[in-house]
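Observations on the three-dimensional arrangement
Read off the chains here:
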Amino acid sequence: MTVSDAHPRSASPLTEPLVLGIETSCDETGVGIVRGSTLLANEVASSVDEHARFGGVVPEVASRAHLEAMLPTVERACRTAGVHLADVDALSVTSGPGLVGALLVGVAAAKALALGLDKPLYGVNHLAAHVAVDTLEHGPLPQPAVALLVSGGHSSVLMVDDLSHQVRPLGVTIDDAAGEAFDKVARVLGLPFPGGPEIDRLSDEGDARAIAFPRGLTSGRDMQLHRYDFSFSGLKTAVARWVAQHETDGRAVPRADVAASFQEAVADVLSRKAVLACTEQGVDTLLLGGGVAANSRLRAMTEQRCEDAGIALRVPRPGLCTDNGAMVAALGSLLVADGVDPSGGDLGAVSSLPVDVVSVG
Ligand code: KG4
Ligand code: ZN
């Protein structure tokens, strides 16, 4: 499956650097091209269909798909942007975190291109890139800002002091990622992978107050030890048990009510803790990103809570929230503009790259 998601704004001056970014941390081969903060191309080849029958991303399948998709996606991005590879001033690539075999394909391709073109290469952090992408749509990010990043692979609350230099983790999931919980609950309800969009749709027909599912890490003691952390594993188990009990009793499972009540629990905890982080840290900008940011209930609840608390909410459009190359190019462009040193020739794939390493030296 390939997706093109460039909505070029008015052309920026040719004097701004042209940056090509490559993303391969999970199942999307993304190549983005920006000039300054203007998006010129955002081509994505996803292998999600190949993983569907396994109910989750299979690392080896993802790596092979990246290999096959890499060159055609680079070529398509150049065509969409109306540029030649030789015009590129700098390259950036996701160095981590992510699946190591998948990351390796992107890092190897970026290093080969940088070497062949004799241009600087920036190895960047995937999470910081999720934040940076918003600058392409909504302009410079007021800093400090708090970012809530929720996808199939990560669920983090970040303090963004200075996007080119300093990002700090405030909270993280201690077990499943939010998207992973959506996918697993969808499987329990007999819905296809990826389950998030399916649960979102089914919830429209259900009653979100029908079942009181648990809100992980929100009790008094947990709020002391894990103030901005998340846990979705207990919720997932509670849903599975509730459904199993109904089936054992021979009662029909009200799937829409289960979906809506589960979705409500996830959206409640995510939005509550993200807004709490903003108010307690004295930050008045919240950025919501990652695939789960497409969830209609999470967006609505976060919007309402931000409005009540006087916080400005920034949410990139869905095509920029899910993994893509434009986010990597956007961060690369910020690093170039801020005079950050490019990576050395020994740049590698770092599957557990800490979130506070914005770019790899
Ligand atoms: O950012 P992303 O494309 O890739 C990862 O880095 O994981 O996020 C994919 C995740 C999947 O778990 C998918 O089920 C979830 O995002 N997702 C959603 C929605 N759309 C995608 N979850 C809830 N509601 C949605 N509308
Ligand atoms: Zn991601």
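So, here is what we can say about the structure in this document. (Residues numbered from 1 in each chain as written. Chains lettered and ligands numbered in written order. Predicted model: local features only at pLDDT ≥ 70, side-chain atom pairs only at ≥ 80, totals over all residues. Heavy atoms only, no water.)

Concerning the sheet that holds strand β9 (residues 166-172)
Taken together, 5 strands build an open sheet; the order of strands is β9-β8-β7-β10-β11 and the sheet is mixed. The open sheet has two edge strands, β9 and β11 (312-314), and neither has a second partner. Along the sheet, successive strands turn relative to each other by an average axial angle of 25°, direction set aside. Taken together, the 6 bridges between strand β8 (residues 155-162) and β9 define a ladder with antiparallel strand orientation. Looking at β9, one finds that D162 is bridged to Q166. Helix α11 (residues 296-309) contacts β7 (145-150), β10 (285-289) and β11 of the sheet and is inclined by roughly 180° relative to β10. (Pairing = 2+ DSSP bridges. Helix = DSSP H or I, 4+ residues; strand = E, 2+ residues; numbered from the N terminus. Axes fitted to C-alpha atoms, helices over the stretch in contact; angles between N-to-C directions. Contact = heavy atoms within 4.5 Å.)

A word on the coordination of the zinc ion (ligand 2)
Working reference: metal with six octahedral donors, ideal angles 90 or 180 degrees; metal with four tetrahedral donors, ideal angle 109.5 degrees. At 2.1 to 2.6 Å from the zinc ion (ligand 2) lie its protein donor atoms, namely H126 (NE2), H130 (NE2), H154 (NE2) and D323 (OD). Coordination at the zinc ion (ligand 2) comes from 4 donor atoms whose angles at the metal span 89 to 163°, giving a geometry best classed as irregular. Here the donor residues for the zinc ion (ligand 2) map to a single chain with the spacing H-x3-H-x23-H-x168-D. Taken together, the residues span a long stretch of sequence, with H130 in helix α4 (residues 126-132) and D323 in the loop between α12 (318-321) and α13 (325-337) at a distance of 193 residues. (Donors = N, O, S within 2.8 Å, 3.2 Å for Na, K, Ca; no water. Tetrahedral: all angles 85-135°; square planar, octahedral: opposite > 155°, others 65-115°.)

Let's talk about the pairing of strand β5 (residues 90-96)
Where burial is concerned, most of β5 is hidden: 7 out of the 7 residues are buried. Here strand β2 (residues 18-23) pairs with β5 via 4 bridges, running parallel. Looking across to β5, one finds that L20 is bridged to L91. For β5 and strand β6 (residues 121-125), the ladder comprises 5 bridges, and the chain directions are parallel. Across the sheet, residue L91 finds its bridge partner in β6, namely L121. For the handedness criterion, the β-α-β arrangement of β5, helix α3 (residues 100-117) and β6 is classed as right-handed. (Buried < 20%, exposed > 50% of the residue type's maximum accessible area, 1.4 Å probe, protein only. Right-handed = clockwise from strand over helix to strand, strands pointing away.)

Here we look at α13
Its 13 residues give α13 an end-to-end C-alpha distance of 18 Å, which sits within 8% of 18 Å, the value for a rise of 1.5 Å per residue. For α13, the tally of buried residues reaches 10 of 13 residues, placing the bulk of the element in the interior. Those residues of α13 that fall on the buried side of the exposure criterion are G325, A326, M327, V328, A329, A330, L331, G332, S333 and L335. Backbone geometry just after α13 places G339 at a positive phi near 70°. (Expected span 1.5 Å × (residues − 1).)

Examining the environment of F54
Take F54: it is sitting in the loop between α1 (48-51) and α2 (59-81). Its relative accessible area of 40% is what places F54 among the partly exposed residues. Measuring from C-alpha to C-alpha, the distance between F54 and A177 comes to 18 Å, with 123 residues separating the pair along the chain.

Focus on the nonpolar core
Counting residues in each nonpolar core, the largest one holds 46 residues, and the members touching the most others are L148, F262, L270 and L286. Broken down by secondary-structure element, the contributors of at least two residues to this core are β7, β8, α6 (178-188), α7 (195-203), α9 (233-248), α10 (255-281), β10 and α11. In terms of residue count, α10 provides more of this core than any other element does, 13 residues in total. Apart from residues no more than four positions distant in its own chain, L286 is found in contact with V146, A147, L148, A274, V275, C278, T302, C306, I311, A312, L313 and R314. Core analysis: the second largest hydrophobic core is formed by 33 residues, V19, A145, L163 and L331 among them. (Core = buried A, V, L, I, M, F, W, Y, C linked by side-chain atoms within 4.5 Å.)

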